Amino acid sequence: MLVLVCHIALGCAVRTVRAEDPVPSTPDETIQEASSNPREAEGFEGVAVYYAKRFQGRRTNSGQIFDHNKLTAAHPSLPHGTKVKVINMANDKSVVVRINDRCRKRGYEIIDLTKKAAQELGFSGKGSAKVKIIPLPEE
């Protein structure tokens, strides 16, 4: 009963996927199926920061060379190659970046962006911004 009250009061949702479930027919369903974490599949809010200058030219966790002029990002758990839409909640500016690195896990959701991505979101002078992160379906 307490669990039911929690789900009603907090708007929690649980989805169990079974083998006999139909194949997803919409992109939103495909995103949910592709992610092992349903919260990530629906998008989530967190904090975005951008890499320090000292990382320019170094190898990322995926093996690519880091470049501040590209639209890439680091995330603690999203798979390498995942494209995500990042929306600055203060000004509604958005950018699509590809995850190619890992950042350390913190006590809150976070994404580390390149300087170019931070500039497109309008927070490169501030250091961080509250954002919404939405994983996009594979092409």
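Every value quoted in this text rests on a predicted model; they were computed, and no experiment measured them.

How each quantity is defined
- Residues numbered from 1 in each chain as written.
- Predicted model: local features only at pLDDT ≥ 70, side-chain atom pairs only at ≥ 80, totals over all residues.
- Heavy atoms only, no water.
- Salt bridge = Lys/Arg side-chain N within 4 Å of Asp/Glu carboxyl O.
- Helix = DSSP H or I, 4+ residues; strand = E, 2+ residues; numbered from the N terminus.
- Buried < 20%, exposed > 50% of the residue type's maximum accessible area, 1.4 Å probe, protein only.
- Core = buried A, V, L, I, M, F, W, Y, C linked by side-chain atoms within 4.5 Å.
- Pairing = 2+ DSSP bridges.
- Contact = heavy atoms within 4.5 Å.
- Phe/Tyr/Trp six-rings, centres within 6.5 Å; stacked < 30°, edge-to-face > 60°.

Caption draft 1: View of the pattern of salt bridges. Under the defined criterion, the tally for this structure stands at two salt bridges. Notably, a salt bridge pairs Lys 130 with Glu 45, separated by 3.7 Å at the nearest N-O pair. One end of the pair, Lys 130, is in strand S6 (residues 128-135); the other, Glu 45, is in strand S1 (residues 44-50), and 85 residues separate them in sequence. Accessibility expressed as a relative area gives 41% for Glu 45, which makes it partly exposed. A salt bridge links Asp 112 to Arg 106, with the shortest nitrogen-to-oxygen separation between them at 4.0 Å. Classification of Arg 106 by relative accessible area gives partly exposed; the value is 26%.

Caption draft 2: Focus on the nonpolar core. Judged by nonpolar contacts, the single largest core of 18 residues is most densely connected at Val 84, Val 86, Val 97, Ile 111, Leu 113, Phe 123 and Val 131. Of all the secondary-structure elements, those providing two or more residues to this core are S1, strand S3 (83-88), strand S4 (94-101), strand S5 (110-113), helix H4 (115-121) and S6. Core analysis: the next-biggest nonpolar cluster, separate from the first, contains six residues, Tyr 51, Phe 66, Ala 74 and Cys 103 among them.

Caption draft 3: Structural detail: the pairing of S5. Burial of the side chains of S5 extends over both faces: Ile 110 and Asp 112 are buried on one face and Ile 111 and Leu 113 on the other. In terms of strand pairing, S1 meets S5 through four bridges, oriented parallel. Paired with Tyr 50 across the two strands is Leu 113, which belongs to S5. Where strand S2 (residues 72-74) meets S5, two bridges bridge the pair, whose relative direction is antiparallel. The residue of S5 that forms the bridge with Ala 73 is Leu 113.

Caption draft 4: Examining the environment of Thr 72 more closely. As for its position among the elements, Thr 72 is in strand S2. Along the backbone, Thr 72 and Val 97 are 25 residues apart, and their C-alpha atoms lie at a distance of 4.8 Å. Non-local contacts of Thr 72, meaning those with residues more than four positions away in its chain, are made with Val 97, Arg 98, Asn 100, Asp 112, Leu 113 and Thr 114.

Caption draft 5: A look at the packing of aromatic side chains. A full pass over the atoms with the stated rule returns three aromatic pairs. Geometrically, the ring pair formed by Tyr 50 and Phe 123 is tilted, given 6.0 Å between the ring centres and 50 degrees between the ring planes. Here the residue Tyr 50 occupies a position in strand S1, and Phe 123 occupies one in the loop between H4 and S6, the gap between them amounting to 73 residues. An angle of 40 degrees between the planes, with centres 4.1 Å apart, marks the rings of Tyr 51 and Phe 66 as tilted.

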